[in-house]
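Structural features, examined
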Amino acid sequence: MKFCLSFILLGLLFIGCVTDKTQKPDFRHDLESGPKPWTKNNFELEEDDFTFAIISDLNGGERAGVFSTAVAQLNRLDPTFVLSVGDLIEGGTEDRIQLAKEWESFDQRASQLNMPFFYLGGNHDLTNPTMREFWKKRFGPRYYHFIYENVLFLMLDSEDYEEERMLEIYEARSEAIRILDGEEEGVYEESDYYKMPERRIGGINEQQHNYFKEVLEKYQEVKWIFVLMHKPVWMREDSKGLGRLEKLLSKRRYTLINGHFHSFSHRLRNNNDYIILGTTGGSQNPIDSMSFDHVTLVRMAKEPIITHLKMQGILDETGKVPFILDSLGM
C-alpha cells in the first residue's frame, strides 16, 4: 500500500512538473468588461530559442574604448555567447613580446564578458608564420566548428595560405604600410600588395576545405548553419575560394557572415543571407555612411532573426552609453 501511494505521489509530481510548462503566467487586472488597453494576453511563458551575438573588426587602427563599450553593452543584452569575425589585435609583427602584450590586452577586455566568447582570426591576427604559431599555442586551431542546440557553426580561417605564399604577402604588406606611412617612396595603389587578391578576399587551402566537407557530411540534419570568416573568401573564384563548399551548402539552410571591409553590406547569394559587418572599434572611412560601430544579435528561432544594433543607441538606465573603464594596455 505504501509503495502504491508513493508511486501515485511521484506520478502526480511528474504531471505537475509537465503542467507547469503549459501554465499561463500570472497576469492580473481589474477590468472586468469593455475594451482593454492592451492587444492580447497570451504571453509567452518559455522560449525554445536562444540568442547569440557577433562583434566585428577592432583593428586596422583601433579606437580606444569602443570594444570595452561593446562588452558593457553585450553584458546588458545578455546573449548566450559571443562570436567574432577576426582582426582582434593590431598584429603585423614578428615580435613575440609585442604580440603577447596585444593579446593580453584583448583577452583582459574580452574576459569582462559574462558569457563565452569564440575567437576567430583575421589578417591582423594571422599575418605571418610567427603569429600563426602564437595563435596555435594560445587558442588552438585556426579553423573549427561547433554545434549549439542543433545549430552548426563553421569558423573559417580566411588567411589559410601555404607558408611561402604567406611570407610573400607579409613582405608585400609591410612594404605597402611603409609607403602609406611615408617611410618609403611609392604609390600604395601601385604596390604589389594592393594587386594581390589575398589583400581583399583571402583564401583557404585544400586541407581546410576537406575538414569542413567532412563536417557537413557528418551533420546532415542540423537546424541551421552559420558560416563565419574574416575576409569574404566567397568572392574568390579559383580553387582557394569558397565555391566548392558553397556547392555542398547549396541544399542546406545557412547564413554567411564576414568582416574585413569595415563597411556594412548585405546581399542574397544562392538564396541565403551574406552579411559583411561594419566595425566594433576598427578604423572607419568618414565619408562611408555604412562604416559604423555595431554589434549583431541573432535570435535562433525556427530560422535566424538577425538584428544589427548601432552601439550609439544601446543605452543604460540613465540614458547613457554604458562603459567598462579600462585601457588598451599597450
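Let me sum up the structure you'll find in this document.

Here is what the cut-offs are and how they apply
- Residues numbered from 1 in each chain as written.
- Predicted model: local features only at pLDDT ≥ 70, side-chain atom pairs only at ≥ 80, totals over all residues.
- Heavy atoms only, no water.
- Helix = DSSP H or I, 4+ residues; strand = E, 2+ residues; numbered from the N terminus.
- Buried < 20%, exposed > 50% of the residue type's maximum accessible area, 1.4 Å probe, protein only.
- Contact = heavy atoms within 4.5 Å.
- Areas by Shrake-Rupley, 256 points an atom, 1.4 Å probe, with all protein chains shown as cover.
- Lys, Arg positive; Asp, Glu negative; His and termini not counted.
- Charge placed at Lys NZ, Arg CZ, Asp CG, Glu CD.
- 1 Å grid on protein atoms, 1.4 Å probe; cavity = no way out; pocket = protein on both sides within 12 Å on 5 of 7 lines; lining within 4 Å.
- Points joined across faces, edges and corners; volume = space filled by probe spheres on them.
- Nonpolar A, V, L, I, M, F, W, Y, C, P; charged D, E, K, R; others polar.
- Right-handed = clockwise from strand over helix to strand, strands pointing away.
- Pairing = 2+ DSSP bridges.
- Axes fitted to C-alpha atoms, helices over the stretch in contact; angles between N-to-C directions.
- Parallel < 35°, antiparallel > 145°, perpendicular 65-115°, else oblique.
- Left-handed = near helix turned anticlockwise from the far one by under 90°.
- Salt bridge = Lys/Arg side-chain N within 4 Å of Asp/Glu carboxyl O.

For the rest of this paragraph, the subject is the overall build of the protein. When you go through the protein residue by residue, the secondary structure sums to nine helices and eleven strands. The principal-axis extents of the C-alpha atoms in the protein amount to approximately 90 × 50 × 40 Å. The buried share of the protein, reckoned over its 330 residues, is 46%. Within the protein, contacts between residues separated by at least 24 positions form 71% of all contacts whose residues are at least 6 apart in sequence. Total accessible area on the protein is roughly 18,200 Å²; 52% of this is exposed by carbon and sulfur atoms. The protein carries 39 positive and 53 negative side-chain charges, and their two centres are separated by 6 Å.

What follows is about empty space enclosed by the protein. In the structure shown here, the tally under the stated rule is two cavities of 30 Å³ or more. Here the largest cavity defines a volume of roughly 70 Å³. Along the walls of the largest cavity sit Asn123, Leu126, Thr127, Glu159, Tyr161, Met166, Ile169, Arg173, Tyr193 and Lys231, which together make up its complete lining. The class makeup of the residues in the lining of the largest cavity is five nonpolar, two polar and three charged.

Even without being a glycine, aspartate 87 presents a positive backbone phi close to 60°. Mapped onto the elements, aspartate 87 comes out in the loop between β2 (82-84) and α3 (96-110). In this model, asparagine 270 sits at a positive phi of 55°, which is unusual for a non-glycine residue. Relative to the helices and strands, asparagine 270 resides in the loop between β8 (265-269) and β9 (272-276). For asparagine 270, a relative accessible area of 45% translates into the label partly exposed.

It is worth spelling out the pairing of strand β7 (residues 254-258) at this point. Taken across its five residues, β7 has five buried, putting it largely inside the fold. Here β7 shows a buried face lined by Tyr254, Leu256 and Asn258 and a second buried face lined by Thr255 and Ile257. In this fold, strand β6 (residues 224-229) hands off to helix α9 (residues 243-249), which returns the chain to β7; that crossover is right-handed. Note that β7 and β9 share three bridges and pair parallel. Within β9, the residue paired with asparagine 258 across the bridge is isoleucine 276.

Here the focus is the packing of α3 against helix α4 (residues 129-139). In the contact formed by α3 and α4, the axes pass within 11 Å of each other and the chain directions differ by 45°. Compared by their axis directions, α3 and α4 come out oblique. Along this stretch, α3 crosses α4, giving a crossing that reads as right-handed. The segment α3 lies against α4, with Arg96, Leu99, Ala100, Trp103, Glu104 and Asp107 engaging Thr130, Met131, Glu133, Phe134, Trp135, Arg138 and Phe139. Residue composition of the contact of α3 with α4, grouped by class: seven nonpolar, one polar and five charged.

Strand order in the open sheet made by the six strands is β4-β5-β6-β7-β9-β8, with mixed pairing throughout. Strands with a single pairing partner mark the edges of an open sheet, and in this sheet they are β4 (144-148) and β8. Between one strand axis and the next, the sheet turns by 15° as a mean value, whatever way the strands run. Sheet analysis places β6 next to β7, joined by five bridges and oriented parallel. Within β7, the position partnered with valine 227 by the bridge is leucine 256. Across the face of the sheet, helix α8 (residues 206-218) comes into contact with β4, β5 (151-155) and β6 while running at roughly 175° to β5.

Attention now goes to the sheet that holds strand β10 (residues 294-300). Ordered by their spatial adjacency, five strands build an open sheet running β3-β2-β1-β10-β11, and the pairing between neighbours is mixed. Every other strand in the sheet has two partners, leaving β3 (117-118) and β11 (304-310) as the edge strands with one partner each. Note: strand β1 (residues 50-55) against β10, five bridges, orientation antiparallel. Looking at β10, one finds that alanine 53 is bridged to leucine 297.

Bringing the pattern of salt bridges into the picture now. A full pass over the atoms with the stated rule returns 20 salt bridges. Arginine 299 is the salt-bridge partner of aspartate 49, the closest N and O atoms lying 2.5 Å from each other. Placement of aspartate 49 in the loop between α1 (2-22) and β1 and of arginine 299 in strand β10 is noted, with a sequence separation of 250 residues between them. Classification of arginine 299 by relative accessible area gives partly exposed; the value is 32%.

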